[in-house]
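Summary of structural features
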Amino acid sequence: MRHGAGATIVAARRHPGRSGRIGRPPATSSGFHISVTPPPVPAADVPTIHASQATDTPPESAAPGSLHEPAMPDAGGAVRPSLRQRIERLSGGSLLAALHPARWGLLVLALIVGGLWLVELGSRGSQDDMTVIRSATLMAMPTPERPQAGAPRLITLPHAWDHSPRLSAPLGYRVRFDLPTRAPSAAGSAGLAGMAGLYIERLCGAHEIRLNGWRLAVRGRLDVPRPNECLDPVLVALPPAMLRPADNQLDIILAAQVRSQVAVSEHAGYLSPVRIGPMHQLEGMQRRLQTLHTGITQALAMLVGAVGTAALLLAALSRLPYLGYFGAACLGWAMLCALLTGAHLPLSVPAYEWLTGALMPPIAVAAILSLMRYSGIQVRWIELSVALQSIVVPLSLLIAAPDRISTITQPWMVILSLEVLVALGVFLHRAWARSPADFRVVGIALGMTLVGAAFERMMVADEILLPGVRAISIGAVVMFAGMVLRMLQQMQAAVGAAEAGRLAAERRVEEITSDMERNYSHMAEMRVEQVTAKERKRIAADLHDDLGAKLLTIVHTSESERIATLAREALEEMRLSVRGLTGRAVQLGDAIGDWRSEVMMRLSQGGVELNWNTPDDLLMSERAMSARAYVQTTRILREAVSNVLKHSGATHCEISMRMDINDFELTISDNGRGIPMELDGKLDRGHGMSTMKGRAKQLQGQCLVESGPGYGTTIRLTLPL
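Because the structure is predicted, anything quoted here is derived from the model rather than measured.

For the protein, the helix and strand inventory stands at 17 helices and 25 strands. Split into buried and exposed, the 721 residues of the protein put 38% on the buried side. Contacts in the protein between residues far apart in sequence, at least 24 positions, make up 69% of those at least 6 positions apart. As displayed, the protein has an accessible area near 40700 Å², and 61% of this comes from carbon and sulfur atoms.

Moving on to empty space enclosed by the protein. Applying the stated criterion to the full structure yields one cavity of 30 Å³ or more. By volume, the largest cavity amounts to about 30 Å³. Forming the boundary of the largest cavity are E598, V599, R602, L637, R638 and V641. Along the lines of polarity and charge, the residues of the lining of the largest cavity split into three nonpolar, no polar and three charged.

Moving on, we come to the layout of surface pockets. As a volume, the largest pocket reaches approximately 1100 Å³. The wall of the largest pocket is formed by 37 residues, among which W333, I363, S417, V420 and I472 lie closest to the centre. Elements supplying a minimum of two residues to the lining of the largest pocket: helix 6 (321–340), helix 7 (349–374), helix 10 (406–434), helix 11 (436–459) and helix 12 (469–557). If you tally residues by element for the lining of the largest pocket, the top one is helix 10, at seven residues. Of the residues belonging to the lining of the largest pocket, the class tally is 28 nonpolar, seven polar and two charged. Two domains share the lining of the largest pocket, each providing at least three of its residues, namely domain 1 (131–178 + 193–289) and domain 2 (293–490).

With that settled, consider the UniProt feature "transmembrane region" (unreviewed entry) in the protein. This chain's UniProt record puts "transmembrane region" (unreviewed entry) on residues 295–315, 322–345, 351–369, 381–400, 412–432, 439–458 and 464–485. Taken end to end, residues 295–315 comprises 100% helix and 0% strand; its first and last C-alpha atoms sit 30 Å apart. End C-alpha atoms of residues 351–369 are separated by 28 Å, and the span's content is 100% helix alongside 0% strand.

Further remarks concern the pattern of salt bridges. This model, assessed by the stated rule, comprises 15 salt bridges. When the shortest N-O distance is used, the salt bridge between E598 and R638 registers 2.6 Å. Linking E598 in helix 14 (residues 588–606) with R638 in helix 16 (residues 627–648), this pair joins segments that are 40 residues apart in sequence. Several salt bridges share partner residues, and in doing so they unite E208, R210 and R215 into one network.

Let us now look at the sheet that holds strand 6 (residues 131–133). Taken in spatial order, the four strands line up as 6-18-11-15 in an open sheet, and their pairing is antiparallel. Looking at strand neighbours, the two that pair on one side only are strand 6 and strand 15 (234–237), the edges of this open sheet. Across the sheet, the axes of successive neighbouring strands diverge by a mean angle of 20°, strand direction being ignored.

This part takes up the pairing of strand 16 (residues 248–255). For strand 16, the buried fraction is high: eight of the eight residues fall into the buried class. Neither face of strand 16 is exposed, since N248, L250, I252 and L254 on one face and Q249, D251, I253 and A255 on the opposite face are all buried. In this structure, strand 10 (residues 171–177) lies alongside strand 16, joined through seven bridges in antiparallel fashion. Paired with R176 across the two strands is Q249, which belongs to strand 16. The pairing of strand 13 (residues 206–211) with strand 16 spans six bridges and is classified as antiparallel. Its bridge partner lying in strand 16, E208 is registered against I253.

What follows is about the nonpolar core. In this structure, F326 and M479 are the most contacted members of the largest nonpolar core, which totals 46 residues. Taken together, the elements giving at least two residues each to this core come down to helix 5 (279–318), helix 6, helix 7, helix 10, helix 11 and helix 12. Per-element accounting of this core gives the leading share, 11 residues, to helix 7. For M479, the residues in contact, after removing those within four places along its chain, are F326, L371, Y374, V441, V442 and A445. Counting 36 residues, the second largest nonpolar core, distinct from the first, contains V599, L618, A650 and L719.

What follows covers the state of the cysteines. On inspection of all chains with the given rule, the structure shows one disulfide. With its sulfur 1.9 Å from that of its partner, C204 forms a disulfide with C230. On the sign convention where negative means left-handed, the S-S torsion of about 55° between C204 and C230 marks this disulfide as right-handed. Residue C204 is found in strand 12 (residues 203–204), and its partner C230 is found in the loop between strand 14 (214–219) and strand 15; the two are separated by 26 residues along the sequence.

Counted under the stated rule, the structure contains six aromatic pairs. The interplanar angle of 15° and the centroid separation of 4.5 Å between the aromatic rings of Y322 and Y374 together place this pair among those described as stacked. Of the two residues, Y322 is situated in helix 6 and Y374 in helix 7; the sequence distance between them amounts to 52 residues. Note on accessibility: Y322 and Y374 belong to one class, buried. Aromatic side chains W595 and Y630 sit 5.9 Å apart centroid to centroid with 15° between the ring planes, which places their arrangement in the stacked category.

Moving on, we come to the sheet that holds strand 17 (residues 270–271). The sheet built from three strands is open, its strands ordered 9-17-12 with antiparallel pairing. Two strands bound the open sheet, and with one partner strand each, they are strand 9 (159–160) and strand 12. Here two bridges tie strand 12 to strand 17, and the two strands are oriented antiparallel to one another. Residue C204 lies in a different strand from strand 17, and its bridge partner there is Y270.

Here we come to the environment of P158. Among the secondary structure elements, P158 is positioned in the loop between strand 8 (153–156) and strand 9. Along the primary structure P158 and P273 are separated by 115 residues, whereas in three dimensions their C-alpha atoms are 5.5 Å apart. Beyond its immediate chain neighbours, meaning those up to four positions away, P158 contacts Y270, L271, S272 and P273.

Residue L157 is joined to P158 through a cis peptide bond whose omega torsion reads 10°. Here the amide bond leading from A401 into P402 is cis, since omega sits at 0°, within 30 degrees of zero. Its place among the elements puts P402 in the loop between helix 9 (389–400) and helix 10. Phi is positive for D247, close to 55°, though the residue is something other than glycine. Secondary-structure assignment places D247 in the loop between strand 15 and strand 16. The exposure class assigned to D247 is partly exposed, which follows from its relative accessible area of 40%.

About the thresholds
Residues numbered from 1 in each chain as written. Predicted model: local features only at pLDDT ≥ 70, side-chain atom pairs only at ≥ 80, totals over all residues. Heavy atoms only, no water. Helix = DSSP H or I, 4+ residues; strand = E, 2+ residues; numbered from the N terminus. Buried < 20%, exposed > 50% of the residue type's maximum accessible area, 1.4 Å probe, protein only. Contact = heavy atoms within 4.5 Å. Areas by Shrake-Rupley, 256 points an atom, 1.4 Å probe, with all protein chains shown as cover. 1 Å grid on protein atoms, 1.4 Å probe; cavity = no way out; pocket = protein on both sides within 12 Å on 5 of 7 lines; lining within 4 Å. Points joined across faces, edges and corners; volume = space filled by probe spheres on them. Nonpolar A, V, L, I, M, F, W, Y, C, P; charged D, E, K, R; others polar. Domains from an automatic or database assignment. UniProt positions renumbered as here; feature names shortened; annotations may be inferred. Salt bridge = Lys/Arg side-chain N within 4 Å of Asp/Glu carboxyl O. Pairing = 2+ DSSP bridges. Axes fitted to C-alpha atoms, helices over the stretch in contact; angles between N-to-C directions. Core = buried A, V, L, I, M, F, W, Y, C linked by side-chain atoms within 4.5 Å. Disulfide = S-S within 2.5 Å. Phe/Tyr/Trp six-rings, centres within 6.5 Å; stacked < 30°, edge-to-face > 60°.

Structure representation (structure tokens):
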């Protein structure tokens, strides 16, 4: 088979493929790989193509030692490989395939992350003109229950509220600082005092800030503190009128919850080191941390919530359980992120923290069930035991609230995280062996999660708030995108399979329709044959009963011998016709016996010697000849014998018969004068030759005549049985 202009298709191999859900029987897909081999070309016609001619660079512009350096013959006449060919040989593959842009995804992503990190480092600038205060004097502030202030003590910043809930009264922090004596920067003309600011990276709780006895800023109520703005850094401008050249006193009064009263450590009271410096530098630091800790976290939470809603809609449409669990996990995660970033809800602080801790188990359970169903694992006792945690944890939080919430949330967070990691590991193990496409989906999502964690680590020099929350949100969004892409691929494959099934069904319908038409035609032919056979039997009965009786009467009552003979011949011919009309098959042995007796009688009366040659196996054969074939063969034999007696002048006649698997052959030869030359080519015009050939043709056979003047005549009749 030729392909194109002179190419030969030499092989076609069928490659099986895999696809489909993990845990289900994989839907197989297949493709064909066709190897095309060009025809051989004489050596003189083969053009020499250098590496420079295979590219857009002309040969004369290829510099020595470059990738486009042409292959040059050495002193011995052998062709020396070019530099590009040597590099490809060392790399073990095509250089262009290795450097294809489709393989640059991870490289581009790494360059983007590294570039952002370098830009971020460069934008932080010098902090030589900034004062960082890392120690303070701490004292308990007076309350209605305890009018006296606590004894002051020196502490090191940062300071976390991890003390007993009984000591959760507002605390006062006092620090002292002097203004730097270096010259003012070019950013302002009023010196440091005109553009100085106070920056606290993390100040969690209701607070009041005083400078030299003057109130600078207030956030929240000290009597009812709430952990609503714990992620936002605090930036306060220091008015020059309130500043002294030296020995400035800064008082920070903080009211918050201790660590044991909150679900996560980011909601507990906390004071980070205090920075005094230029406002333009402090504003940049505030915007950067506020964007990372609050802006990006909330934006990703909203995106994850939209992803969860879309996943639930897809689960309702596709009836895939793992999408429903994934959507529930995403919606729960979005709500948890809103609580972690300080969403304002009309709840008391204990109820707020209880809700934060109670949301964690359902999210983890939904994620575990999603991975299990996605991997095709459905074990009832595992699902029930995992789901039971969604009831146990909230009940235990009710018992521990309000002063020991963290004692429940911390161990359960570790346990739930380990369970999710185990489910993820099981999924990756099964996907690696059963469905590489699903392995890639989850693997890419996991990789993006790690990239997000590394990115936030590079963006924050000090402490990271809510570590991993943003990375998990990114992973959830990427995983949903991979699931949707996977579903689209499966949908496309299903559409292709449906189209192939439709085409196969159409072909099957066409085949069935064609079979039905053939069967109908066959049934119609059978019906016609039945009617024809019935009519033939009726005609045969009429001939036998009416015409046969009358001819028999003439044979027995006629006084003329000639008339009696003619009547006897007509009666025999009528009986032969009746046998043909009745349609009953005749055994070959019986037919040969009838033919031999009739031919011997006729030739003996005409004085012609007969040599009858029939094999014994043919006489004993159980093969049958149809009634129609028997009648036509009998008439052909009679016509041939009549020609021998009337026209040939022969003294000897030989008749032979033989049979192979499907054909019956009858040969009649005589030693007569043969057919004259003037009738050569016109045999069908006389001696009944056309009649014999017509009868043979009706039986799908053939009748051949061989004759010459003085050489006798041979008639060969071949009929299919």
